[in-house]
Amino acid sequence: MKVLITSVLDEFGHVISVIRFGLVLKKRGHEVIFTHRKSFYELAKKFSLGFIEFDGDVFDGVKANPAAGIVGMLEEYFVLKPTEALEKFLANGFFNATFLSKILPKTISRMNDALKRVLEQVSDVDMVVIDQSMYKLPVLFEKNIPHVDIFPMSPLLLYSDSFPPWLGLTRMASRESYLLCKNSMMKAFQTLARSVKHLYNGCHLGNSNDEEFGLDFHLKPKYLGFYQYPRELDYSNLEPIIGNYHRIDSLLFDSDYITGTFCIPEKFNRMPGKLIYFSMGTMMSSCQNIIGGILRTLSMSPNRFIVTSGGNKFDDSLIDSYENIWCCKFVDQLAVLNQVDLIIFHGGNNTMMEALYLGLPMIIIPLVADQLDNAQSVEDKELGAKMFLWDFDSKKLLHLIEIVLTDEKIHRNVRKISSDMHQSKSADEAVDLIEDLYFRILENRQIKSSSL
């Protein structure tokens, strides 16, 4: 097959998800071409993937990852309990006035235009593999192009009929406690869906009233969908799942770690303590007040910390004064994770999968969306610990670090999941399903052609 892979969002975590899926297809012998903005060319080159750059004029004057522009506006919400933040969002009309009207429809329109031009340029594509991040691109329906959806986040949203996502609720909670939250969460998602409905007028979707054109439409794959999450952490007890989604335990394989190296900073060679990696992701690292408070806490630890700012600029004078902290804008994360004893991070799904694959215990300090659910899962499954920002306490974080570093049950649980991820055949089984889909589509086309 000739497979085109891409992501609606140009945030690294979403892009790397489709690239890793592309590597699984390439390993099977399929031709894989990655298409996106010019800034991702080096990433495609790193993994020896073909690359087609989106037409630059589509993004004239548009900064990479425009969604990052609203993070500063959200910082005051990150320190609230998720239920309180959600109610405040709805009361302030945040979904209508900010994210929806200014960012989301424009992002979908630009990406749709860019992909349409690529498909006109490469007309012999057999399959598109795409992270549509909850909002489908109209061109795939207009042109009836076979495509596979990659869902890059915690799969709890796919079980939303049974359990409200993005609130950090324990899966062991009583049904009554989470049903109280569900209506507000679904109201927010429905508002998001209605805001982009006009973009799909030419997609031949039939009778799409507001109720039908909601979360289900944007999440349900037309053909096939996949998400990456270890079996032990999945929410299968909450079935049914939305649409034809299939779990992949891991999209990682050992050759991922051959592509980069990391040298431990020289100053750390003379210092005691465990080596810990701290990262809050590209967007969240721009929340300077939150990051500054966490770094001050880490500076009081007897351990050593490698910190990445995700391209953001931290206060140099602040960083330089902490002897046990070494900071840079970017690192080869996989190479770093292979050398540290613990990771403290925001709970992003890709980073969590990498840590689990390497058998690394973790502490999650989540800010928003599925990060909250991942944090709660890590605690529920005894793979590490969580600390919500509304309950942040320096002494508690320092205590948690020592507990997670020394708790043998946590280490044993993480090693077990790591072993299962290494042994899983689910990625190969996913390719089997895609190949079966491709041959069924070919057969149907041949039948239609012969009947004419």
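Calculation criteria
Residues numbered from 1 in each chain as written. Predicted model: local features only at pLDDT ≥ 70, side-chain atom pairs only at ≥ 80, totals over all residues. Heavy atoms only, no water. Core = buried A, V, L, I, M, F, W, Y, C linked by side-chain atoms within 4.5 Å. Buried < 20%, exposed > 50% of the residue type's maximum accessible area, 1.4 Å probe, protein only. Contact = heavy atoms within 4.5 Å. Pairing = 2+ DSSP bridges. Helix = DSSP H or I, 4+ residues; strand = E, 2+ residues; numbered from the N terminus. Axes fitted to C-alpha atoms, helices over the stretch in contact; angles between N-to-C directions. Polar contact = N/O pair within 3.5 Å; in protein donor to acceptor, adjacent residues only side chain to side chain. Phe/Tyr/Trp six-rings, centres within 6.5 Å; stacked < 30°, edge-to-face > 60°. Parallel < 35°, antiparallel > 145°, perpendicular 65-115°, else oblique. Left-handed = near helix turned anticlockwise from the far one by under 90°. Salt bridge = Lys/Arg side-chain N within 4 Å of Asp/Glu carboxyl O.

Chemist: Give a description of the nonpolar core that names residues and reports values.
Modeler: The biggest cluster of nonpolar side chains holds 77 residues, and the ones touching the most others in it are Leu298, Ile344, Met352 and Ile401. Once you skip the residues sitting within four places of it in the chain, Met352 turns out to touch Tyr229, Leu233, Phe345, Met362, Ile364, Asn374 and Val378. Grouped together as the second largest cluster of nonpolar side chains are 36 residues, Phe40, Ala44, Val129 and Ile434 included.

Chemist: Outline the sheet that holds strand S9 (residues 304–308), listing residues and values.
Modeler: The strand order S10-S9-S8-S11-S12-S13 describes an open sheet built from six strands, whose pairing is parallel. A single partner strand is all that each edge strand has here, and the edge strands are strand S10 (325–328) and strand S13 (384–386). On average, each strand axis in the sheet is inclined to that of its neighbour by 15 degrees, with strand direction left out of account. Along the sheet, helix H13 (residues 370–380) makes contact with strand S12 (362–364) and S13, crossing S13 at roughly 135 degrees.

Chemist: Explain the side chain of Asn349 to me, and be specific about the residues and the numbers.
Modeler: Secondary-structure assignment places Asn349 in helix H12 (residues 349–357). Separated by 3.3 Å, the side chain of Asn349 and the backbone oxygen of Gln228 make a polar contact. Contacts of Asn349, omitting those with residues within four sequence positions, involve Pro152, Met153, Ser154, Gln228, Tyr229, Asp370 and Asn374.

Chemist: Break down helix H9 (residues 288–298) for me, with residues and values.
Modeler: Summarising burial for H9: eight of the 11 residues are buried, a large majority. Buried residues of H9: Ile290, Ile291, Gly292, Gly293, Ile294, Leu295, Thr297 and Leu298, and no others.

Chemist: Which residues make up the sheet that holds strand S4 (residues 127–131), and what are the values?
Modeler: Pairing in this open sheet of seven strands is parallel, and the strands run S3-S2-S1-S4-S5-S6-S7 from one edge to the other. Both outer strands of the open sheet, strand S3 (50–53) and strand S7 (245–248), are each paired with one neighbouring strand and no more. Going from strand to strand, the sheet's axes swing by 25 degrees on average, the running direction of each strand aside. Across four bridges, strand S6 (residues 224–228) lies against S7 in parallel orientation.

Chemist: Provide a residue-level description of unusual backbone geometry, including the pertinent values.
Modeler: Non-glycine residue Trp166 carries a positive phi angle of around 65 degrees. With respect to the element layout, Trp166 can be found in the loop between strand S5 (147–151) and helix H7 (175–195). Positive phi values are uncommon outside glycine, yet Glu382 reaches one of about 55 degrees. Residue position: Glu382 is located in the loop between H13 and S13. The class for Glu382 is partly exposed, based on a relative accessible area of 36%.

Chemist: Can you lay out the packing of aromatic side chains for me, pointing to particular residues and giving the numbers?
Modeler: Applying the stated criterion across every chain, the model contains 10 aromatic pairs. Ring geometry for Tyr159 and Tyr235: centres 6.2 Å apart, planes at 55 degrees, overall tilted. Residue Tyr159 is found in the loop between S5 and H7, and its partner Tyr235 is found in the loop between S6 and S7; the two are separated by 76 residues along the sequence. Pairwise contacts between aromatic rings join Phe34, Phe40, Tyr41 and Phe51 into one cluster.

Chemist: Can you tell me about the packing of H9 against helix H14 (residues 394–406), naming the residues and giving the values?
Modeler: The N-to-C vectors of H9 and H14 enclose an angle of 60 degrees; their axes lie 9 Å apart at closest approach. Between H9 and H14, the crossing angle belongs to the class labelled oblique. In terms of crossing hand, the pair formed by H9 and H14 is right-handed. Mapping the contact onto sequence places Ile294, Thr297 and Leu298 in H9 and Ser394, Leu397, Leu398 and Ile401 in H14.

Chemist: Can you lay out the pattern of salt bridges for me, pointing to particular residues and giving the numbers?
Modeler: Per the counting criterion, the structure on display carries 19 salt bridges. Linking Arg28 and Asp432 is a salt bridge whose minimum nitrogen-to-oxygen distance equals 3.0 Å. Pair noted here: Arg28 is in the loop between helix H1 (12–27) and strand S2 (31–36) and Asp432 is in helix H16 (residues 426–451), with a separation of 404 residues, a long-range link. What makes Arg28 partly exposed here is its relative accessible area of 31%. Take Asp432: its relative accessible area is 34%, and that puts it in the partly exposed class. Residue Asp420 pairs with Lys416 through a salt bridge whose shortest N-O separation is 2.8 Å. Here Asp420 pairs with Lys416, and both are found in helix H15 (residues 408–423), just four residues apart, close to one helical turn.

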